[in-house]
Amino acid sequence: MRLPPKPEMTWPSVWRESWHYDSLEFGGCTDYLGYTRAYRNRFVLTMNLVRKTTPPPARVLDLAAAQGNFSLALAEEGYRVTWNDLREELAGYVRLKYERGALDFKPGNAFELHPQEPFDIVVATEVIEHVAHPDEFLSHLLGLVRRGGHAILTTPNGGYFRNQLPKFSECADPSVFEERQFGPDGTDHIFLLHEEELRALAAKAGWQVEEIHLYTSFLLNGHCRTEPLLRILPGAVGSVDTVLQKLPRSLRRRVDVGLAAVLRRP
């Protein structure tokens with residue numbers, strides 16, 4: 001995966017926005033170190049979970065894949081990857097970064113994907129919190145994978161102490177959020193799922209929940225005015241985060257910003 005050195009003025013605005021995120025995630029930009037550290041944690045964890053559940057050359061659907069970092073990395077490791085995003089114009093930006101591997105493109109609304117052949121694994125990172133009906137989303141994912149196949153999901157942790165968004169289970173009529181769903185930015189989150197909610201929703205949709213991980217403390221994410229510490233004492237912050245990851249799970253539900261789930265279709 002190669003990152004374009006700089007955005008061109010002739011690029012569409014969505015390409016330039018994607019380049020900005022790429023510069024933070026892998027391009028060496030240090031403007032928001034908390035974001036960078038949290039993203040890389042999520043990237044490494046997700047890639048490891050994919051490798052653990054399904055080796056290449058499995059067929060992978062990368063859902064709402066944006067600038068395609070997971071799509072490209074998995075293709076380079078030998079997976080047969082299908083990139084998907086609602087923003088069709090982003091496919092051209094992903095092609096700029098492509099170097100090798102089996103990668104094809106299926107843009108469009110995730111709810112309208114009905115593949116002729118089911119996938120071995122679906123990857124949906126930071127997607128479900130943008131959907132008005134996460135229960136229907138999980139049910140739809142089930143139909144995208146073969147029996148015995150997996151879904152890897154990541155989402156912000158609803159139990160995190162700074163979360164001010166509602167639980168999905170507390171919403172009487174989620175349809176009121178349909179007009180604003182699918183927004184791509186962090187400000188477009190609708191619900192943040194708690195661990196117990198994610199387990200219950202996945203099980204109700206027909207999934208077997210194999211693993212749920214909590215990861216990345218508020219310190220490593222640069223919250224609570226800790227961003228300067230990432231600049232002057234990055235090693236110390238990393239060490240403290242390692243200690244926090246050994247706390248009882250009840251406490252980690254409060255201090256960790258991310259959830260990752262491994263789901264299996266029976």
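All of the points below concern the structure found in this document. (Residues numbered from 1 in each chain as written. Predicted model: local features only at pLDDT ≥ 70, side-chain atom pairs only at ≥ 80, totals over all residues. Heavy atoms only, no water.)

Side note on the environment of Asn-84
One can find Asn-84 in the loop between β2 (80-83) and α4 (90-97). Asn-84 has contacts with Leu-61, Asp-62, Leu-63, Ala-64, Ala-65, Ala-66, Lys-106, Pro-107, Gly-108, Ala-110 and Leu-113, leaving out every residue within four places of it along the chain. Reaching out from Asn-84, the side chain makes a polar contact with the backbone oxygen of Lys-106 at a distance of 2.9 Å. (Helix = DSSP H or I, 4+ residues; strand = E, 2+ residues; numbered from the N terminus. Contact = heavy atoms within 4.5 Å. Polar contact = N/O pair within 3.5 Å; in protein donor to acceptor, adjacent residues only side chain to side chain.)

Some thoughts on the pairing of strand β4 (residues 119-125)
Most of β4 is tucked away: seven of the seven residues are buried. Both β4 and strand β5 (residues 145-156) contribute to a ladder of six bridges, which runs parallel. Along β5, the bridge assignment pairs Phe-119 with Val-145. (Buried < 20%, exposed > 50% of the residue type's maximum accessible area, 1.4 Å probe, protein only. Pairing = 2+ DSSP bridges.)

A word on the sheet that holds β4
Reading across from one edge, β3-β2-β1-β4-β5-β7-β6 is the order of the seven strands in this open sheet, with mixed pairing throughout. One side of each edge strand has no neighbouring strand; the edge strands of this open sheet are β3 (102-105) and β6 (208-217). Adjacent strand axes in the sheet meet at a mean angle of 15° when their direction is disregarded. Helix α2 (residues 33-53) contacts β4, β5, β6 and β7 (256-264) of the sheet and is inclined by roughly 155° relative to β6. (Axes fitted to C-alpha atoms, helices over the stretch in contact; angles between N-to-C directions.)

Details of the nonpolar core
With 34 residues, the main nonpolar core has Leu-63, Phe-137, Leu-138, Leu-141, Leu-153, Trp-207 and Leu-263 as its most contacted residues. When contributions to this core are tallied by element, the ones reaching two or more residues are β4, α5 (134-142), β5, α6 (195-205), β6 and β7. In this structure, Leu-141 is in contact with Leu-63, Val-122, Leu-153 and Trp-207, ignoring residues within four places of it in sequence. (Core = buried A, V, L, I, M, F, W, Y, C linked by side-chain atoms within 4.5 Å.)

Remarks on the side chain of Thr-155
Positionally, Thr-155 belongs in strand β5. The exposure class of Thr-155 is buried, given its relative accessible area of 3%. For Thr-155, the side chain forms a polar contact with the side chain of Glu-129, separated by 2.8 Å. Leaving out residues up to four positions away in the same chain, Thr-155 has contacts with Glu-126, Ile-128, Glu-129, Val-257, Gly-258 and Leu-259.

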